[in-house]
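# Reading the structure
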Amino acid sequence: MAGLKAGAPAPTALTVHEVSRVLEVAFSDGATYRIPFELMRVYSPSAEVQGHGPGQEVLQTGKRDVTLVNLEPVGNYAVKPTFSDGHDSGIFSWDYLYELGQNETALWQQYEERLAAAGVERDAPMAPKGGGHACGSH
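The rules behind the values
- Residues numbered from 1 in each chain as written.
- Predicted model: local features only at pLDDT ≥ 70, side-chain atom pairs only at ≥ 80, totals over all residues.
- Heavy atoms only, no water.
- Salt bridge = Lys/Arg side-chain N within 4 Å of Asp/Glu carboxyl O.
- Helix = DSSP H or I, 4+ residues; strand = E, 2+ residues; numbered from the N terminus.
- Buried < 20%, exposed > 50% of the residue type's maximum accessible area, 1.4 Å probe, protein only.

For the structure on display, the rule yields six salt bridges. Among the ionic pairs, Arg34 bridges to Glu24, the shortest N-O distance being 3.2 Å. With Arg34 in strand 3 (residues 32-36) and Glu24 in strand 2 (residues 22-27), this residue pair connects regions lying ten residues apart in the sequence. Note on Glu24: relative accessible area 23%, which makes it partly exposed. Ionic pairing is found between Arg41 and Asp85, a salt bridge with its closest N-O pair at 2.8 Å. Of the two residues, Arg41 is situated in helix 1 (residues 37-42) and Asp85 in the loop between strand 5 (78-83) and strand 6 (92-93); the sequence distance between them amounts to 44 residues. The buried category is assigned to Arg41, whose relative accessible area is 2%. When its relative accessible area of 36% is taken as the criterion, Asp85 is described as partly exposed. Each of the salt bridges in this network shares a partner with another, and the network as a whole consists of Arg41, Lys63 and Asp85.

Next up, the structure:
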């Protein structure tokens, strides 16, 4: 997860747009990003998505229509979204939201490349849980 960098821009406004499925974040440096819920879900900083180290990422599919059902503040540095598919373990720091917004085009391209490399469609359903390493069940 991205940490909090000294002097990094902080959000001045957060707006959930349910119909267009984007989180609009205005930052103190004047930048405003409209981050799609799908991008947030696919790049969730949770261990469930990112794994426990490089190469352990879990490719997310079937998230095009995911929505935010809750957005909970975490201290003064992050938010924890709950997505309509039940995923709620990602904590998005202000730095990470800024990074998602700033690098959206490159992140979409990386996602499409990962899908192609895995031979799966963006809208394919996720494989059922329980077939591999389950975080928290040690």
